Amino acid sequence: MLERLEEQRHYVRAGAEHNANVNEVAYGGAYASVGKDFAFSAERFRETFALTLTTSDEERCVFELEGCSPAFANAFRRIILSEVPTMAIEKVFVVNNTSVVADEVFAHRLGLVPIKADPAMFEYRGEGDAANETNTIVLKMHVRCHKERNPDGTLGEVVNRSVYSNALTWCPEGSQLPEENGAKYSDFKRSQKEVVGDQELGCVHDDILLVKLAPGQEVELECHCVKGIGQEHAKWSPVGTCWYKMVPEITILEPITGADADEFMKKCANFSETHKCYACEGKGDKKTVKVVESRGCDFCVERVRELTGEPGWADKIAVRKRKDHFIFTIETIGQMAPGTIFKEAVKILASKAQNVLSTL
Amino acid sequence: MDCLTRDPSKITAPIATLEDKYELLPAFLKVRGLVRQHIDSFNYLVNEEIKKIIHAKANERVTCDSDPNFYLKYTNIHVGRPSVEEDYVVEEITPQQCRLRDMTYAAPITVDVEYTRGKEIVTRQAKNGVGGVVIGRIPLMLRSSRCVLTGKNEDELARLGECPLDPGGYFIVKGVEKVILIQEQLSKNRIIIEVDAKGEIGASVTSSTHERKSKTNIVVKHGKFYLRHNTFADDIPIMIVLKAMGLESDQEAVQMIGSEPAYAMLLGPTLQECQAAGVFTTQQALEYCANKVRVVKTHMTNRPGVRNFGRSRVDEARDILAGVVLAHVPVTSYDFRQKCAYISIMVRRILNAMLDPTQIDDKDYYGNKRLELAGQLIALLFEDCFKRLNADLKRQADAVLSKANRATQFDILKCIRQDTLSNGLEHAISSGNWTVKRFRMERKGVTQVLSRLSFISALGMMTRITSQFEKTRKVSGPRALQPSQWGMLCPSDTPEGESCGLVKNLALMTHVTTDDEEEPLRRLAHALGVEPLTWLNAGEMHSPSGAHVLMNGSLLGVHAQPEAFSHAFRKLRRAGRIGEFVSVYTADGCVYISSDGGRVCRPLIIIERGEPLLTQEHLDELKDGHRTFNDFLREGLVEYLDVNEENNSYIALYEDEVNDETTHLEIEPFTLLGVCAGIIPYPHHNQSPRNTYQCAMGKQAMGNIAFNQLNRMDTLMYLLVYPQKPIVKTKTIELIGYDRLGAGQNATIAVMSYSGYDIEDAIVMNRASLDRGFGRCTVLRKYSAQVKKYSNRTMDRIVGPKDDHRANQNSRHHLLDDDGIAAVGGRIKPGDIYVNKQTPVNTRDPMANPHAMPDTMYRSNPLSYKGPAGESAIVDKVLLTMTDEGQFNIKTLVRQTRRPEVGDKFSSRHGQKGVCGIILDQEDFPFSERGITPDLIMNPHGFPSRMTVGKMIELLGGKAGLESGRFHDGTAFGGDTVEAIQQTLVESGYSYKGKDMLHCGITGEALEVNVFMGPVYYQKLKHMVQDKMHARARGPRVVLTRQPTEGRARDGGLRLGEMERDCLIGYGASQLILERLMISSDQFEAQVCTKCGLLGFQHHITRRNACTLCKTEAEVATLKLPYACKLLFQELQSMNIAPRLSLTEA
């Protein structure tokens, strides 16, 4: 009895057609009848919670969260997607655009270009605020596609046929557009270099195709980047995507022997040379399947799950996924390290919690 | 048994499979193009038919009644290159120029003539292919033989501003692209056996010659045969007709029809009637006919050359029988033998049908249909205009030459007015009204504006066929899909609603024939042993083994061995000795040879002795480019079959179905679908109406229109910002170039219920996807302004704004440049002026100095932008141009970029449309274990009743395509198999079912069921809420009824209709009805005289009520009634009906 409850509490049973026990039992008294109290306690959380880094590089990091509820992991996911601030191009001042791409489409494309700048160094720019060195990054671009003139006067190669994101250059002194109607487009008190130190601001990637030009076409514009969050527009989201999955466990409920073992190996194990999640022991009728890697790999988990749907197999094997153990992946778009993003998310969650506490 | 006698080595040999048989299709389309039928038809007109028209007897010479020596003779005719004459300089024009400058893409028609000028004979001959005299201009079909675009490669086309994927086949008239739709008709000059309303069997023939169209019926009444024709007031017994045609002997007549006892029995009453009428000789018969001739005030035979005086009524009757009845059967010097034979065959076929009802023809059978294309239709019109031109010339010659003294010599060439032809053709094409007087033909809606909503809509229009059938009639026969349409017409592509089944579309490989010369075929037939009728006596006409040979509906003669004859004829066609579109088929003891235009046909691979003639080597050579499709045609490996000849063939769908009787092999089964249905992946897995719905919706999908779309100036253009190639393609998609001009995006969809805002086909969209550009579109709208010139030499002018206007953003002039035209790139709001035009105050009286008038002589007449309030757009482009008539035009293109919003319509390629129900944040969306978040969520209830299994397979195929990095094939009746797709999915670690385990984005927990998720190609349809949403509280009213206006465009009210009213009545909410129907609509205070009951009035100053009739003020009451009611009373009064209101209390 208890064993079943334990499974219910900790695992999602991934069946062929149906996932059982998906819900998390958050109510502490849910198991009171069997004399158990699973109410959330900070101590227990501290005890059981663990964060293990699996892989990490500049753009992607995978880590495991253990000992927390899916709601907890999801909170991080949601915050990372939509509430961690970044800088992105918000305003585009088009001086000249003779390309085939319409101004507003071009502006939209520019908006999605990741901007390399630490958002912590900047402030949000409110409505009506003037653009200054602490809330706005000014980038400019002036590209003209033309045929190069050779020294002998003949026309040579066409240059700037494709315009990439490296055409955007940082203007630390603010807007370079002339005054219009007696007002400047930015109001920088000092050079932005003083704000950001020795960092060079610009685009994260140099090779994002922005527009293709034909000879004679020209694009001249200035972009103003501001700080924002993904909730307002996806361009401010610091990640391409960010998600988690539950850790799977392949359990053999009844020993799989003989012909069954052959079938199991055939269906779930022998698709690849490098696959070493299962092994067989013994020979003939005594052949038994042994799980080498209970987590399995992406390929075999799916195969085993399908197999459970076939007659006779449901009692023998099970694919279960842990409800309190997650593999969390952050794929950034480059301006912030995934670790930083996660830390930001933790801070935001903490401040939200603080907010709740203060209003209680 | 057959396999025992065959060559043993062949039995064991594997069945030859032609793997790349499909390669024939691109080869076919390469030589043919997608709209060859239109272009061929037009080329035939321009190169051949037009010559036939001017050389026709009635057209060739213009003579003059007053001067017998005078004549004008046309010796040749040429259609030149597309050009226009501007300022006396002839310049070649391109289609794109015409579109932008509102010109007509037309070429001059020139003729070579020989005519008399005074006493001398003058000839004007062609030089360098350009004829001597210009007689007018003919609009040219794009990509026809005279078009500048033919034979150009992609680069050259781009240089001309043309899209290489554009199929051509349409006209440009006054800057508007016009398509002449294919018209479907019952075939001409063919005997149709049908059952009339009374259940009697009859035969009818619609004869059509260049001069005349007439319908002849042979009907059965009480077992007796009659001829029925418009020119006769009464039905004439058939025996009398035959006697009038010189067939005096009853025995001969019966022999001609058929002397078998069964036939002779049925003919008895007919013979008796003739006897009873006392008609025995030709003379008597003619007199009988003459009595029945319908008396027409003007003589029917008022043709030039035929003198009417001194003609007896018998002569007239004989003329009618010779020239009007069955006009297509030639009668030379009153030798009626051919015609007698024809009538007897008609009677024989009725007799056949009486004995065997299966012999009754099916009118809907597609072999009995002919398609009329642009070339034929223009030929009709051209001949009509040409005749008018000639009549005009004759009248002028008559007028001038009848005068004795002339100052100068009469030169007929100076009288030629080019407008007759040019305007006649141009008007007909631009209005779609086809009026041909000599056939009393008046058709409307023959042409339509080429729809450029999407690439597919334009292409689909070129293959469209309209039927002459009335749309209002509730008949199912002509609307139903006929088995004979297999492979010729698309079974899916037809509109819903009133024109369902009447408007059809050609299948991918269908070709429509043009006329072929009859004379060589006739000689060939005789050479192959067809005995002409003149060699035979009546008794020899019907022999049990022999067969009649008919060519294009007229009787050629009799052949003893019809099978051998048709076989030989086909052999000659395969050898290329006769045209590839000539068809030969045998049916009910007749051999039919058809070479007429308008038959639908399609190519098939020939099979002889159980083996396809086309082998793998041939296909390899095709692939290497050593051969073309035409080579195969010439070598007799492939041939065209029309609907009738298909009935003589045994066509295998696939190689493994080939047996000894097989005569042909299908090239590719999916070609039975048209271009619109060809877009659908796995259509053979869908419920059939779903494919029909997609055919209609593909035409509304936004995407890329053409490569030159940004250089076009269309009134309305919808473009997708980021169109994509579909991951699941079909072969048709590659063939027509849909992969280069897509109209949709590959969206990852999850089939699940989410948020509740997805009921009734609504879809849930991911906001982050929209942020990243999914479904973004550009709407471009053209506004044009004309700068007119007036008769007093004044003209409109455009002036720049005053400086202070421009600085002020709120001024209506803020957008204007110095030249008075909106600046490109500026934001335009409703009310803003985009062309600041001024018009002269006086446009009639002569002015002293029309080009430098003072400002006071002009009044402002600006053009302002009228769009929905609160929405702005951007000026995209301004074009200043002049038409060939010197009309100055300013076209302003206004652009709006829109992102999808709640209420916008989307659809997959399986007739599954839905509106966006809600837009949710990405974090609220479910996500898979691989981190994939869907772009949109579709409710699973969309599947069970629609049964669009194709969509599910597309999803699987798309998902597998993403993993394997290639486009999957979903071609109809083929494509990648579900097993293969599932194999790919399993190999990449997905469930073979295509379902993924998802986590809820809101709670973070796993979902209880796995969700079917993957990419599906989604189209954004042109219906967007922004163009439709409308509400009003107060607003304009109609002047006449004072009720609120109707419709969004007029800021109209929302109607509380009958049904809503019924609800309120049923509920008893009387005050609400009163409020809705009167108080909030057209309440009016009326004065009614209690004495007379008529309407009175209220004095506008004294405010006293009065009745004019009773001359009283005291007894006039005031009451409220709907203004429409008061209007009704007054209108009734105006027709002498006096409605009186009797008031119980006043």
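Taking an unreviewed UniProt entry as the reference, chain B is identified by name as DNA-directed RNA polymerase subunit beta belonging to Ostreococcus lucimarinus. Looking at chain B in UniProt, the text filed under Catalytic activity (unreviewed entry) is "RNA(n) + a ribonucleoside 5'-triphosphate = RNA(n+1) + diphosphate". Of chain B, the UniProt comment under Sequence similarities (unreviewed entry) reads exactly: "Belongs to the RNA polymerase beta chain family."

In the nomenclature of an unreviewed UniProt entry, chain A corresponds to Plastid-encoded RNA polymerase subunit alpha from the organism Ostreococcus lucimarinus. In its Sequence similarities (unreviewed entry) section, UniProt records this for chain A: "Belongs to the archaeal Rpo3/eukaryotic RPB3 RNA polymerase subunit family."

A closer look at the overall build of chain B
For chain B, the helix and strand inventory stands at 31 helices and 57 strands. Projected onto the principal axes, the alpha-carbon positions of chain B cover approximately 95 × 95 × 75 Å. With 1146 residues in all, chain B has 43% of them scored as buried. Of the contacts made within chain B by residues no fewer than 6 positions apart, 70% connect residues no fewer than 24 positions apart.

Examining the domain arrangement of chain A
Taken domain by domain, chain A holds domain 1 (2-82 + 242-327) and domain 2 (86-236). A separation of 48 Å is found between the C-alpha centroids of domain 1 of chain A and domain 2 of chain A.

Examining the sheet that holds strand 5 (residues 86-97) of chain A
All names here are of chain A. An order of 5-14-7-11 is seen for the four strands of this open sheet, with the pairing classed as antiparallel. Edge strands, defined here as strands with exactly one partner in the open sheet, are strand 5 and strand 11 (169-170). For strand 5 and strand 14 (residues 218-228), the ladder comprises ten bridges, and the chain directions are antiparallel. Along strand 14, the bridge assignment pairs lysine 91 with histidine 224. Across the face of the sheet, helix 4 (residues 103-111) comes into contact with strand 5 and strand 14 while running at roughly 150 degrees to strand 5.

Brief notes about the interface of chain A and chain B
Across the contact, 34 residues belong to chain A and 28 residues belong to chain B. If you list the elements that add at least two residues to the side of chain A that touches chain B, you get strand 1 (11-14), helix 3 (70-82), helix 4, strand 15 (239-252) and helix 7 (298-308) of chain A. With seven residues, the single largest contributor to the side of chain A that touches chain B is helix 3 of chain A. Class assignment for the residues of the side of chain A that touches chain B results in 15 nonpolar, ten polar and nine charged.

Description of the nonpolar core
Within the largest apolar cluster, 306 residues are counted, with the highest numbers of intra-cluster contacts made by Ile80 of chain A together with Ile238, Ile240, Ile350 and Val549 of chain B. Ranked by residues supplied to this core, first place goes to helix 14 (residues 374-401) of chain B with twelve residues. Here valine 549 of chain B is in contact with Ala525, Val530, Leu556, Gly557, Val558, His559, Val591 and Ile593 of chain B, once residues within four sequence places are set aside. Membership of the second largest hydrophobic core comes to 34 residues, among which are Ile89, Val92, Ala102 and Leu139 of chain A.

Some points on the packing of helix 26 (residues 949-964) of chain B against helix 27 (residues 978-987) of chain B
All names here are of chain B. Relative to each other, helix 26 and helix 27 sit at 45 degrees, their axes nearing to 9 Å. Relative to helix 27, the element helix 26 is oriented oblique. As for the relative orientation of helix 26 and helix 27, their crossing is left-handed in sense. Between helix 26 and helix 27, the contacting residues are Ile953, Leu956, Gly957, Lys959, Ala960, Glu963 and Ser964 on the first element and Val978, Ile981, Gln982, Thr984 and Leu985 on the second. Partitioned by chemical class, the residues of the contact of helix 26 with helix 27 number six nonpolar, four polar and two charged.

Some remarks on helix 4 (residues 36-55) of chain B
The first and last C-alpha atoms of helix 4 of chain B sit 27 Å apart over 20 residues, in line with the 28 Å expected at 1.5 Å per residue. In terms of burial, helix 4 of chain B is largely enclosed, as 15 of its 20 residues are buried.

With respect to the UniProt feature "domain: RNA polymerase Rpb2" (unreviewed entry) in chain B
What UniProt calls "domain: RNA polymerase Rpb2" (unreviewed entry) maps, in this numbering, to residues 188-372, 448-512, 549-608, 629-661 and 1052-1142 of chain B. Summarising residues 629-661 of chain B: 30% helix, 21% strand, and an end-to-end C-alpha distance of 26 Å.

Describing helix 22 (residues 688-697) of chain B
Counting buried residues along helix 22 of chain B, seven of its ten residues qualify, which places the element largely inside the surrounding structure. Taken residue by residue, helix 22 of chain B has Arg690, Asn691, Thr692, Tyr693, Gln694, Cys695 and Met697 of chain B as its buried positions.

Focus: the environment of aspartate 969 of chain B
Residue and element names in this part refer to chain B. Residue position: aspartate 969 is located in strand 50 (residues 968-969). Here aspartate 969 falls in the partly exposed class, since 18 other C-beta atoms lie within 10 Å of it. Residues aspartate 969 and glutamine 183 lie 786 residues apart in sequence; the distance between their C-alpha atoms is 35 Å. With sequence-adjacent residues up to four places away left out, aspartate 969 is seen in contact with Lys729, Thr730, Gly975 and Asp976.

What about the domain arrangement of chain B?
Residues and elements named next belong to chain B. The domains assigned to chain B are domain 1 (33-182 + 371-463), domain 2 (192-366), domain 3 (469-505), domain 4 (510-605 + 613-672), domain 5 (677-776 + 901-1020) and domain 6 (777-898). The interface of domain 2 with domain 4 comprises 13 residues on the first partner and 13 residues on the second. When contributions to the side of domain 2 that touches domain 4 are tallied by element, the ones reaching two or more residues are helix 9 (250-257) and helix 13 (337-355). The element contributing the most residues to the side of domain 2 that touches domain 4 is helix 13, with five residues. By residue class, the composition of the side of domain 2 that touches domain 4 is six nonpolar, five polar and two charged.

A short note on the environment of aspartate 642 of chain B
All names here are of chain B. Take aspartate 642: it is sitting in strand 30 (residues 638-642). The exposure class of aspartate 642 is buried, given the 23 C-beta atoms found within 10 Å. Each C-alpha atom, one on aspartate 642 and one on glycine 367, is 7.7 Å from the other, the two residues being 275 residues apart in sequence. When residues no more than four places from it in sequence are discounted, the contact partners of aspartate 642 are Ser583, Ser594, Arg599, Val600 and Cys601.

Concerning the pairing of strand 1 of chain A
Residues and elements named next belong to chain A. Both strand 1 and strand 18 (residues 317-332) contribute to a ladder of three bridges, which runs antiparallel. Along strand 18, the bridge assignment pairs valine 12 with lysine 321. Here strand 1 runs beside strand 2 (residues 19-20); their pairing, made up of two bridges, is antiparallel. The partner of arginine 13 across the bridge, within strand 2, is alanine 20. Where strand 1 folds back on strand 2, the antiparallel hairpin that results is connected by four residues.

Focus: the confidence of the model for chain B
Of the residues in chain B, 96% reach a pLDDT of 70 or more, and the chain-wide mean stands at 88. Below pLDDT 50 for its whole length, residues 10-15 of chain B participates in four contacts with residues either more than four positions away or in separate chains.

What counts, and at which threshold
- Residues numbered from 1 in each chain as written.
- Chains lettered and ligands numbered in written order.
- Predicted model: local features only at pLDDT ≥ 70, side-chain atom pairs only at ≥ 80, totals over all residues.
- UniProt positions renumbered as here; feature names shortened; annotations may be inferred.
- Helix = DSSP H or I, 4+ residues; strand = E, 2+ residues; numbered from the N terminus.
- Buried ≥ 20, exposed ≤ 12 C-beta atoms within 10 Å, placed from the backbone.
- Contact = placed C-beta atoms within 7 Å.
- Domains from an automatic or database assignment.
- Pairing = 2+ DSSP bridges.
- Axes fitted to C-alpha atoms, helices over the stretch in contact; angles between N-to-C directions.
- Nonpolar A, V, L, I, M, F, W, Y, C, P; charged D, E, K, R; others polar.
- Core = buried A, V, L, I, M, F, W, Y, C linked by C-beta atoms within 7 Å.
- Parallel < 35°, antiparallel > 145°, perpendicular 65-115°, else oblique.
- Left-handed = near helix turned anticlockwise from the far one by under 90°.
- Expected span 1.5 Å × (residues − 1).
- pLDDT = per-residue confidence, 0-100.

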